[in-house]
Amino acid sequence: MKYLPHTPSDLEEMLRVIGVQSLDELYAEVPEELKLKRELNIPAAMSEIEVRRELHALAGQNRQLCVFAGAGAYDHYTPAVIPYIASRSEFSTSYTPYQAEISQGTLQYIFEYQTMMARLTGMDVSNASMYDGSTATAEAMMMCVAAAKKRNRVIISETCLPAILDVVRTYAKFHGVDLVELPAAEGRTDRAALDRLLEADDVAGVIVAQPNRFGVVEDFTGLADNCHSHKALLVINTVASALGVLKSPGEWGADIACGDAQSLGIPLSYGGPYIGYLCTTNALIRKMPGRLVGQTTDADGNRCFVLTMQAREQHIRREKATSNICTAQGFMCLYVAAYLSLMGAEGLRQVNDHSYAAAHHLCDRLLATGKFELRYPELPFLCEFTLRYKESEGVAALRDRLSDAGFLLGVPVAEHPDEIIIAATEQRTPEEIERLIQSLS
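This section reports on the structure supplied with the text. None of the values given here were measured: they were computed from a predicted structure.

With respect to helix α15 (residues 430–440)
Residues of α15 that are buried: Glu432, Ile433, Leu436, Ile437 and Leu440. The buried side chains of α15 occupy one side of the element, clustering within an arc of 140 degrees when seen end-on. Seen from the open side of α15, the exposed residues pointing more than 90 degrees away from its buried face are Glu431 and Gln438. Check the buried side of α15 and you find it contacts β1 (66–68), α13 (330–368), β13 (372–374), α14 (394–404) and β15 (407–409).

Quick word on the sheet that holds strand β4 (residues 178–182)
If you walk across this open sheet you meet the 7 strands as β2-β10-β9-β8-β7-β3-β4, and the pairing is mixed. Looking at the sheet topology across the chains shown, the edges are occupied by β2 (125–126) and β4. Across the face of the sheet, helix α7 (residues 133–148) comes into contact with β3 (153–157), β4, β7 (203–210), β8 (233–238), β9 (256–260) and β10 (276–280) while running at roughly 160 degrees to β9.

Points about the nonpolar core
One finds Tyr113, Met117, Leu264, Ile275, Tyr277, Val336 and Leu340 to be the most contacted residues of the largest nonpolar core, which totals 38 residues. Mapped onto this core, the elements with two or more residues apiece are α4 (81–86), α6 (104–121), β10 and α13. At 11 residues, α13 tops the list of elements feeding residues into this core. Leaving out residues up to four positions away in the same chain, Tyr113 has contacts with Ser126, Asn127, Ala128, Ser129, Ile275, Gly276, Tyr277, Cys333, Val336 and Ala337. If you look at the next biggest cluster of nonpolar residues, it comprises 32 residues, including Met143, Ile156, Tyr171 and Cys258.

Here we look at the sheet that holds strand β16 (residues 411–413)
Read across the open sheet, the 4 strands follow the order β13-β14-β17-β16; overall the sheet is antiparallel. Edge positions in the sheet fall to β13 and β16, since each has one partner strand and no second. For this sheet the average axis-to-axis angle between neighbouring strands, irrespective of direction, equals 40 degrees. Bridge count between β16 and strand β17 (residues 416–423): 3 bridges; the pairing is antiparallel. Of the residues in β17, the one forming a bridge with Val413 is His416. The sheet contacts of α13 involve β13, β14 (384–389) and β17, and relative to β14 the element is tilted by about 10 degrees. Across the face of the sheet, α14 comes into contact with β13, β14, β16 and β17 while running at roughly 40 degrees to β17.

Notes on unusual backbone geometry
In the segment running from Gln210 into Pro211, the intervening peptide bond is cis, with an omega of -15 degrees. Relative to the helices and strands, Pro211 resides in the loop between β7 and α10 (223–229). A cis amide bond links Gly272 with the next residue in sequence, Pro273, at an omega value of 5 degrees. For Pro273, the position within the fold is in the loop between β9 and β10.

Topic: the environment of Gly406
Within the secondary structure, Gly406 is located in the loop between α14 and β15. For the pair Gly406 and Gln99, spaced 307 residues apart in sequence, the C-alpha to C-alpha distance is 49 Å. Apart from residues lying up to four places away in sequence, Gly406 is in contact with Arg63, Leu65 and Cys66.

Topic: a nonpolar patch on the surface
Nonpolar side chains collect at one region of the surface, where Val17, Ile18, Leu23, Leu26, Tyr27, Val30 and Leu34 lie side by side and expose about 670 Å² of accessible area between them. Breaking the nonpolar patch down by element, the ones donating at least two residues are α1 (8–18) and α2 (23–26). As for its position among the elements, Leu23 is in helix α2. Residue class for Leu23 comes out partly exposed when judged on its relative accessible area of 38%.

A short note on the packing of aromatic side chains
Centre-to-centre distance and the angle between the planes together describe a pair of aromatic rings. Applying the stated criterion across every chain, the model contains 8 aromatic pairs. Ring geometry for Phe68 versus Phe407: centroids 6.2 Å apart, planes at 45 degrees, classification tilted. Within this pair, whereas Phe68 is found in strand β1, its partner Phe407 is found in strand β15, the two being separated by 339 residues in sequence. Take Phe68 and Phe407: they sit in the same class, and that class is buried. A ring pair is formed by Phe220 and Trp252, whose centres lie 5.8 Å apart and whose planes are at 75 degrees; its orientation type is edge-to-face. Of this pair, Phe220 sits in the loop between β7 and α10 while Trp252 sits in helix α11 (residues 249–252), placing them 32 residues apart in sequence. The ring of Trp252 has Lys247 lying over it, and the distance from NZ or CZ to the ring centre is 4.1 Å.

Considerations on the packing of α13 against α15
At their nearest, the axes of α13 and α15 sit 10 Å apart, and the two run at 20 degrees to each other. Looking at the two axes, α13 sits roughly parallel to α15. As α13 packs across α15, the resulting crossing turns out to be right-handed. When α13 is examined against α15, the residues Ala358, His361, Leu362, Arg365 and Leu366 are found in contact with a partner set consisting of Ile433, Glu434, Leu436, Ile437 and Leu440. Counted by class, the contact of α13 with α15 contains 7 nonpolar, 1 polar and 2 charged residues.

The rules behind these values
- Residues numbered from 1 in each chain as written.
- Predicted model: local features only at pLDDT ≥ 70, side-chain atom pairs only at ≥ 80, totals over all residues.
- Heavy atoms only, no water.
- Buried < 20%, exposed > 50% of the residue type's maximum accessible area, 1.4 Å probe, protein only.
- Helix = DSSP H or I, 4+ residues; strand = E, 2+ residues; numbered from the N terminus.
- Arc of directions from axis to C-beta.
- Contact = heavy atoms within 4.5 Å.
- Pairing = 2+ DSSP bridges.
- Axes fitted to C-alpha atoms, helices over the stretch in contact; angles between N-to-C directions.
- Core = buried A, V, L, I, M, F, W, Y, C linked by side-chain atoms within 4.5 Å.
- Patch = residues over 30% accessible without salt bridge, like charges linked within 9 Å, V, L, I, M, F, W, Y side chains within 5 Å.
- Areas by Shrake-Rupley, 256 points an atom, 1.4 Å probe, with all protein chains shown as cover.
- Salt bridge = Lys/Arg side-chain N within 4 Å of Asp/Glu carboxyl O.
- Phe/Tyr/Trp six-rings, centres within 6.5 Å; stacked < 30°, edge-to-face > 60°.
- Lys NZ or Arg CZ within 6 Å of the ring centre and 35° of its normal.
- Parallel < 35°, antiparallel > 145°, perpendicular 65-115°, else oblique.
- Left-handed = near helix turned anticlockwise from the far one by under 90°.
- Nonpolar A, V, L, I, M, F, W, Y, C, P; charged D, E, K, R; others polar.

Right, dumping it as structure tokens:
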């Protein structure tokens with residue numbers, strides 16, 4: 001069996017084939033100071049029940065905090081049936097999508113995922129899929145430059161999450177993109193400054209966020225028309241779950257919709273794995289990276305699925321590919337497809353209704369303590385908001401203190417040490433909010 005250790009006779013045979021007498025001779029070029037002169041520190045073998053006890057003991061050291069933080073990753077509920085569906089053999093053991101005749105399970109859930117994400121974003125087509133929301137946004141930037149041909153300037157609003165900005169900067173640097181970062185103006189995109197930049201008629205694309213990093217729901221009325229009048233594409237990065245109630249990128253007139261789909265049923269799980277989504281109009285379908293699955297019929301007239309609209313160079317010839325991303329987040333894609341199928345439009349609306357109610361109740365209770373003030377009181381928010389902490393102990397000390405009490409409170413605003421971005425989802429109960437308020441005292 002391939003997974004069993006080599007026997008002495010196996011070692012002798014391999015050494016003979018490569019023309020050396022011993023393992024010492026094989027490793028003769030390795031400096032002596034790098035060689036381990038003792039036995040490996042490998043624990044003795046355990047029985048199954050002993051291994052389970054060990055793992056349970058290790059898991060017991062984890063601290064389960066009550067999450068009031070977001071910033072791109074949100075504590076939404078995952079229905080119990082989703083892990084069961086994801087473990088079904090027709091999905092979890094399906095072969096690579098390249099060979100359609102033996103990978104119908106994989107191709108079907110990717111097709112359903114694409115269909116639902118296209119509807120959710122109001123776009124014509126969705127791919128499958130990006131690593132996370134940051135890389136999806138960077139790929140959207142590259143699509144803008146590819147579509148513009150002779151333009152390589154892209155404007156990105158600093159209302160996007162810092163992690164997104166970091167990844168987009170890296171892509172821009174190594175692909176020769178002239179990235180212009182547009183400073184935020186009191187919690188939202190500076191439309192006046194953006195209009196001035198567009199007047200130069202050298203911009204390939206504009207990237208904005210909805211809701212933005214401060215939790216603010218922005219009004220993008222007229223933005224698409226202005227971008228298009230200057231031959232620039234509009235990219236809107238959106239928290240996927242929020243699209244259950246907010247105006248979709250397609251309705252705003254965007255050319256590309258992107259973001260993280262973690263909020264659609266994927267647990268937080270210490271930061272991943274998550275999944276990025278990327279949707280666009282039919283006009284840009286040939287510029288989009290990732291896999292595309294189409295529906296067709298087989299020789300007997302039965303419904304079936306195949307990869308479509310892309311040459312194999314996208315996946316096997318690096319120098320001719322639209323992008324070097326070709327590994328779909330298949331398992332996460334299945335989670336999202338199952339979640340959206342279960343929730344439907346009404347379920348997704350209810351998730352957002354409950355999250356909205358929890359966030360606004362929490363905001364009101366925090367303001368009532370007199371220790372906080374709402375940073376952007378005139379601007380609407382959905383389930384996330386930015387506060388200024390007025391106490392002398394500071395945001396860092398506050399978060400440490402509440403962590404000891406069992407709460408993960410918000411994400412600090414790096415450029416403003418006295419500000420914190422707090423989130424609440426349908427998972428948070430009135431009782432948890434009251435315990436948090438009591439712990440503040």
